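What follows is the residue order along each chain.
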Amino acid sequence: MAVEYGIDTLVPKWHHVGMEQVLDEPRKRITARVSDNVRDTLEQAAELLGATVNQFVVQTAYVEAQRVIERESLIRLSQKDAYKILALLDHPPKPNKRLKDAVKTYQGTVRA
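The shown structure was predicted, so the numbers you read here are calculated from the model rather than taken from an experiment.

Some points on the overall build of the protein chain
Counting its regular elements, the protein chain contains 5 helices and 0 strands. Put simply, the protein chain has 112 residues, and 11% of those count as buried. Sequence-distant contacts in the protein chain: of pairs separated by 6 or more residues, those separated by 24 or more amount to 65%. As displayed, the protein chain offers around 10400 Å² of accessible surface, 57% of which is attributable to carbon and sulfur atoms.

Take a look at the structure:
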């Protein structure tokens with residue numbers, strides 16, 4: 001008796017983070033060619049979680065994609081650096097010659 005599982009059926013609850021909004025959207029196909037070693041590793045990891053290879057690949061890729069987007073979208077500063085930037089915003093330095101030249105160059109290349 002063949003049982004068909006959805007993307008959210010067998011994977012533990014902690015592994016669903018952020019997937020809820022994706023489950024109801026129209027689905028597109030992604031394919032990948034991998035070596036036997038990679039396939040074996042993916043199968044082993046999926047089996048340990050009680051998921052299919054497809055479930056495992058989609059969910060882990062989705063979580064990793066979110067992590068990359070967050071990492072690349074945020075600038076993290078130490079408290080010291082944050083205070084320095086806030087101080088510069090409150091009391092910006094006077095424009096030096098290089099900045100004034102850069103503004104003139106920019107204004108010469110941009111039409112209003």
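What follows picks up the thread again.
Examining a nonpolar patch on the surface
A surface patch of nonpolar side chains, amounting to about 680 Å² of accessible area, comprises Ile75, Leu77, Tyr83, Ile85, Leu86 and Leu89. Relative to the helices and strands, Leu86 is located in helix H4 (residues 79-90).

What about H4?
Helical geometry note: an α-helix holds 3.6 residues per turn, so side chains three or four residues apart project in the same direction. The terminal C-alpha atoms of H4 lie 16 Å apart, and with 12 residues this matches the ideal 16 Å at 1.5 Å per residue to within 8%. Among the 12 residues of H4, 0 are classified as buried, and the element is accordingly described as predominantly exposed.

Remarks on the pattern of salt bridges
Taken as a whole and assessed by the stated rule, the structure comprises 5 salt bridges. With a closest N to O distance of 2.5 Å, Arg67 and Glu64 form a salt bridge. Taken as a pair, Arg67 and Glu64 lie in helix H3 (residues 53-73) at a separation of 3 residues, close to a single helical turn. Of the charged contacts in the structure, one is a salt bridge between Arg71 and Glu72, with a shortest N-O distance of 2.9 Å.

Side note on helix H2 (residues 36-49)
Across its 14 residues, H2 extends 20 Å between first and last C-alpha, which sits within 8% of the 20 Å expected from 1.5 Å per residue. Looking one or two places after H2, you find Gly50, whose phi comes out positive at around 75°.

Thoughts on the confidence of the model for the protein chain
Here the protein chain averages 84 in pLDDT, while 78% of its residues score no lower than 70. Across residues 1-5, where pLDDT falls below 50, the model places 2 contacts with residues more than four positions away in sequence or in other chains.

Considering the packing of H2 against H3
Interaxial distance between H2 and H3 falls to 8 Å at its minimum, and their mutual angle equals 90°. The angle between H2 and H3 falls in the class roughly perpendicular. For the pair H2 and H3, the contacting residues are Arg39, Leu42, Glu43, Ala45, Ala46 and Leu49 in the first and Val53, Phe56 and Val57 in the second. Considered class by class, the residues forming the contact of H2 with H3 number 7 nonpolar, no polar and 2 charged.

What counts, and at which threshold
Residues numbered from 1 in each chain as written. Predicted model: local features only at pLDDT ≥ 70, side-chain atom pairs only at ≥ 80, totals over all residues. Heavy atoms only, no water. Helix = DSSP H or I, 4+ residues; strand = E, 2+ residues; numbered from the N terminus. Buried < 20%, exposed > 50% of the residue type's maximum accessible area, 1.4 Å probe, protein only. Contact = heavy atoms within 4.5 Å. Areas by Shrake-Rupley, 256 points an atom, 1.4 Å probe, with all protein chains shown as cover. Patch = residues over 30% accessible without salt bridge, like charges linked within 9 Å, V, L, I, M, F, W, Y side chains within 5 Å. Salt bridge = Lys/Arg side-chain N within 4 Å of Asp/Glu carboxyl O. Expected span 1.5 Å × (residues − 1). pLDDT = per-residue confidence, 0-100. Axes fitted to C-alpha atoms, helices over the stretch in contact; angles between N-to-C directions. Parallel < 35°, antiparallel > 145°, perpendicular 65-115°, else oblique. Nonpolar A, V, L, I, M, F, W, Y, C, P; charged D, E, K, R; others polar.

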